[in-house]
Amino acid sequence: MKTIKDLDITGKTVFIRCDFNVPKDEDGNITDDRRIRGALPTIRYCLERDCKVVLGSHYERPTPNVYEDRYSLRDVKIRLRKLLKMADEITMASDVVGEETLSKAKSLKAGEILLLENLRYEAGETKNDIEFAKKLASMVDIYINDAFGACHRSHASIDAMARLFDREHRGAGFLLSKEVNFFQKTLENPIRPFVAVVGGSKVSGKLEALRQLLDKVDKVIIGGGMAFTFLKAQGYEIGNSLVEDHLLDEARTVMIKARKKGVKFYLPVDVIVAPEFSDTVPSKYVTSQEIPENWMGLDIGPASSRLFRTVLNDAQTIIWNGPMGVYEMDKYAKGSLKMSHNIADANATTIVGGGDTADVALRAGDVEEMTFVSTGGGASLNLMEGKTLPGIEALKS
Ligand code: AMP
């Protein structure tokens, strides 16, 4: 896979597939612009080489062919202007590959940027449609993918479009290369002890990643809703806690595999329980052995946080995916925030992957302390599962 540095891009028209799928509040304000900031090195690199730059990204999931205002990338344009300290040099058209866009792309001058509208406004994007990809490709000389967060999807701007360029005219941007290198190098050659911290709601979503990780790590810490399936598989009463009964056998198999491989496997020893999924009802700390009937575990307890801190003490590499509890409610956020602090304080290479997990690290004020916070949740999980990503495959093909 070539990177942008391997290509001759000077003076050319360059398409950069970015991931501008940024979180917004109810009023439509961007609440976290790390994904936009993450794309800046590649954009600046092109501008410094007198390129004409065409930026493309998806934003959420609009109904195809319906140009609903709330899915527009206009706010991204405003933020880009601010971050790049540019004004009218960054323009937008009102469509994705319509006449207005094509003519604006044609009249671009060196050092100017055209931001396309939300690629998913067009039905062809998610269908990996070759005709749509051809229209996108017709605007530019060079294709760059810098959208790690979207690389696990076979979409037109990620897959079909990349394949329309030869190896001298397509490559990975700085963000994409960094993300892939980090995950691959860490997973292939970690400094030990290597600890995986896995949380989040369900075992099902992370089962394959867990299986793969067991071949690589020295210790696994499980938290979040998925811990209850493992606790139940060990014979604990878990009340009304989240559980996937059909995966109890799988959970047992994972724990047996861990034992056979000598991987230390840690589950929460205490939890915060509440009678309902709510932060307005009384809650209490109980040991994992004493979860009352009809109550549900919504966060790990303080003893688990202390235990997990000890487990992380000698770690040299830590990979973290998934919160320890329902962190969206302040009352059940402590376990996740403490985990974030513990990981950030460790003298280790620390890799945080997943949108929710990155959000926890951000709320905890720990992002700067982490070695690497991945911008792509699904994509990083796929890499942990040992899968190839369509976006990377297309660049390599
Ligand atoms: P995931 O997308 O699988 O990483 O899961 C993230 C979600 O898991 C977050 O929205 C959390 O609120 C949720 N979660 C974490 N712990 C629990 C729990 N004990 N019970 C229910 N949901 C949980």
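Structure: above.
What you see as residue numbers is a count from 1 along each chain, following the sequence as written. Only residues with pLDDT of at least 70 are given local features in this predicted model, and only at 80 or more are side-chain atom pairs given and counted; all residues enter the totals for whole chains, interfaces and linings. The side-chain numbers reported here are obtained from all heavy atoms of the structure, hydrogens and water having been left aside.

**Considerations on the overall build of the chain**
For clarity, the cut-off: Helix and strand definitions follow DSSP, with helices as H or I runs of at least four residues and strands as E runs of at least two, each counted in order from the N terminus. Radius of gyration: over C-alpha atoms. The globule rule applied is 2.2 Å multiplied by the number of residues raised to the 0.38 power. Only protein chains enter the calculation, and the probe is 1.4 Å; a residue is then buried if its accessible area is under 20% of its type maximum, exposed if over 50%, and partly exposed in between. It only takes one pair of heavy atoms within 4.5 Å for two residues to be counted as in contact. Two residue types count as positive, namely Lys and Arg, and two as negative, namely Asp and Glu; His and chain ends fall outside the count. Working definition for charges: the position is that of NZ of Lys, CZ of Arg, CG of Asp or CD of Glu.
Secondary structure summary: the chain contains 14 helices and 15 strands in total. The globule rule puts the C-alpha radius of gyration for 397 residues at 21 Å, and the 23 Å found for the chain is close to it. Evaluated residue by residue, the chain yields a buried proportion of 56% over its 397 residues. Of the contacts made within the chain by residues no fewer than 6 positions apart, 73% connect residues no fewer than 24 positions apart. The averaged location of the 57 negative side-chain charges in the chain is 4 Å from the averaged location of its 54 positive side-chain charges.

**Overview of unusual backbone geometry**
Arginine 192 connects to proline 193 through a cis peptide bond whose omega is -5 degrees. Topologically, proline 193 is positioned in the loop between α6 (174–188) and β7 (194–198).

**Points about helix α1 (residues 34–48)**
Inclusion rule: The span expected for a helix works out to 1.5 Å for each residue beyond the first. One fitted axis covers the seven residues ending at a residue, a second covers the seven starting there, and the bend at that residue is the angle between these axes.
In this model α1 runs 22 Å from its N-terminal to its C-terminal C-alpha over 15 residues, within 8% of the 21 Å that 1.5 Å per residue would give. At leucine 40, α1 shows its largest bend, some 35 degrees, and a proline, proline 41, comes one to four positions later. Along α1, the positions that sit buried rather than exposed are Ile36, Gly38, Ala39, Leu40, Thr42, Ile43, Tyr45, Cys46 and Leu47. Each element contacted by the buried residues of α1 is listed here: β1 (13–17), β2 (52–56), α2 (74–83), β4 (113–115), β5 (142–145) and α6.

**Some remarks on the site of the ligand**
Using the following cut-off: Each residue is tested against the molecule or strand, and it is near if at least one of its non-hydrogen atoms lies within 4 Å. For this analysis, a polar contact is any N or O atom pair within 3.5 Å, provided that within protein one partner can donate a hydrogen and the other can accept it, and provided that sequence-adjacent residues contribute only side-chain to side-chain pairs. We get accessible surface area from the Shrake-Rupley algorithm with a probe of 1.4 Å; when it comes to residues, only the shown protein chains can shield them. Lining residues are those with an atom within 4 Å of a point, where the points come from a 1 Å grid over the protein atoms alone and group into cavities, where a 1.4 Å probe fits but cannot get out, or pockets, open sets with protein on both sides within 12 Å along at least five of seven lines. Think of it this way: a molecule belongs to a cavity or pocket when more than half its atoms come within 2 Å of the grid points there. In the scheme used here, Gly and all other residues not listed as nonpolar or charged are polar, with Ala, Val, Leu, Ile, Met, Phe, Trp, Tyr, Cys and Pro taken as nonpolar and Asp, Glu, Lys and Arg as charged.
Residues in close proximity to the ligand total 14 residues, the closest being Ser201, Lys206, Gly225, Gly297 and Glu328. Measuring from a nitrogen atom of the ligand, one finds a backbone N or O atom of glycine 225 at 3.1 Å. At a separation of 2.4 Å, an oxygen atom of the ligand approaches a polar side-chain atom of glutamate 328. Out of a free accessible area of 500 Å², the ligand has 79% covered by protein chains. Its atoms largely coinciding with the cavity grid, the ligand occupies the largest pocket. Per-class residue counts for the shell around the ligand are 5 nonpolar, 6 polar and 3 charged.

**A word on empty space enclosed by the protein**
How we decide: Grid points are joined across faces, edges and corners, and a volume is the space filled by probe spheres set on the points.
Here the structure, examined in full by the defined rule, presents 3 cavities of 30 Å³ or more. A volume near 50 Å³ is recorded for the largest cavity. Residue lining of the largest cavity: Ile272, Tyr285, Asp299, Ile300, Gly301, Pro302, Ser305, Lys334, Gly335 and Lys338, and that is the complete set. Put simply, the parts of the chain that give the lining of the largest cavity at least two residues each are β12 (296–300), α10 (302–312) and α11 (334–345). When residues in the lining of the largest cavity are grouped by element, the largest group, 3 residues, is from α11. Of the voids in this model, the second largest cavity is the one considered here, and its volume is about 40 Å³. Every residue along the wall of the second largest cavity is listed here: Val198, Lys206, Ala209, Leu210, Leu213, Asn321, Leu381 and Met384.

**Side note on the pattern of salt bridges**
The criterion, for reference: A side-chain nitrogen of Lys or Arg and a carboxyl oxygen of Asp or Glu constitute a salt bridge if their distance falls within 4 Å.
Summed over the entire model, instances satisfying the criterion amount to 25 salt bridges. With a closest N to O distance of 3.6 Å, glutamate 100 and lysine 104 form a salt bridge. Here glutamate 100 pairs with lysine 104, and both are found in helix α3 (residues 99–106), just 4 residues apart, close to one helical turn. For lysine 104, a relative accessible area of 29% puts it in the partly exposed group. Among the salt bridges present, the one from lysine 134 reaches glutamate 131, with a minimum N-O distance of 3.9 Å.

**Some details on the nonpolar core**
Stated formally: Nonpolar cores are built from buried Ala, Val, Leu, Ile, Met, Phe, Trp, Tyr and Cys residues. Side-chain atoms within 4.5 Å join them into one set. Just so you know, the domain bounds were taken from an automatic or database domain assignment.
One finds Ile43, Leu55, Leu80, Ile222 and Phe230 to be the most contacted residues of the largest nonpolar core, which totals 105 residues. Broken down by element, the residue count for this core peaks at 7 residues, all from α1. Domain assignment of the residues forming this core places at least three in each of domain 1 (4–175) and domain 2 (182–384). In this view, leucine 80 contacts Phe20, Ile36, Leu40, Ile43, Leu55, Lys85, Ile90 and Leu115; residues no more than four positions away in its chain are not counted.

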